[in-house]
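Now for the letters of each chain:
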Amino acid sequence: MDINRRSRTNPEAANAMAHHVRTAAITVAALVLLTGFLLASLWLASFFLYASLRINPLRDGLWGWPDALLDWHDGRMLDGGRRLAGAALLGVLVAIGGPAMGLYTLWERTARRRLYGSARFASEAEIRAAGLL
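What you see as residue numbers is a count from 1 along each chain, following the sequence as written. Confidence filtering applies because this is a predicted model: local features only for residues at pLDDT of at least 70, side-chain atom pairs given and counted only at 80 or more, and all residues used for totals across whole chains, interfaces and linings. With hydrogens and water stripped out, all remaining heavy atoms of the structure feed into the side-chain values.

**A look at a nonpolar patch on the surface**
Here is step 1: Residues form patches when they are more than 30% accessible in relative terms and have no salt bridge. Like charges link within 9 Å. Nonpolar side chains (Val, Leu, Ile, Met, Phe, Trp, Tyr) link within 5 Å. Only the protein chains shown count as cover for residues, with accessible areas throughout obtained via the Shrake-Rupley method and a probe of 1.4 Å. Salt bridges are counted wherever a side-chain nitrogen of Lys or Arg sits within 4 Å of a carboxyl oxygen of Asp or Glu. Together, Leu33, Phe37, Val92 and Ile96 give the surface a local cluster of nonpolar side chains, amounting to about 320 Å² of exposed area.
Here is step 2: Of all the secondary structure elements, the ones that give two or more residues to the nonpolar patch are helix 1 (11-52) and helix 3 (81-111).
Here is step 3: Here a helix means four or more residues in a row that DSSP labels H or I, a strand means two or more in a row labelled E, and each is numbered from the N terminus. With respect to the element layout, Phe37 can be found in helix 1.

Pasting the structure below:
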């Protein structure tokens, strides 16, 4: 009787498990990134809102924009709808659009071929190896 037979694992089962672990890791990473972008856009929206209200925006917190939105909804903040919408739009554009544009620039730059090749001067050793000297 082979004692090691019991300790061997099925390679197909190991592959399936690795696939599920990889999928779960990618999902968790995507959720962490999404949460980070949403929190950054919320903070930036609060920053832009306080700046438009001529209040020191560096003293705002993460919940400045939602608090102002609730105040506007309850009628305690008059004529703040445009500022709230503008601050939210700017916050989302800066927090998500900025990194997206940076990633696109890096991706586009790496995929670009050189238009005319890469020219350089030959060294003396290369000229001698070609038999030109």
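**Brief notes about the nonpolar core**
Here is step 1: Leu42, Ala45, Leu49, Trp65, Ala68, Met77, Leu84 and Ala87 form the largest nonpolar core, which has 8 residues in total.
Here is step 2: At the level of elements, helix 1, helix 2 (64-74) and helix 3 are the ones that each hand at least two residues to this core.
Here is step 3: It is helix 1 that provides the largest number of residues to this core, a total of 3 residues.
Here is step 4: Here Leu84 is in contact with Leu49, Trp65, Ala68, Leu69 and Trp72, once residues within four sequence places are set aside. To define a nonpolar core, start from buried Ala, Val, Leu, Ile, Met, Phe, Trp, Tyr and Cys residues and group those joined through side-chain atoms within 4.5 Å. Partly exposed describes any residue whose relative accessible area lies between the buried limit of under 20% and the exposed limit of over 50%, with all areas from a 1.4 Å probe on protein chains only and scaled to the type maximum. Should any heavy atoms of two residues lie within 4.5 Å, those residues are counted as being in contact.

Worth remembering: the numbers are spatial, not functional.
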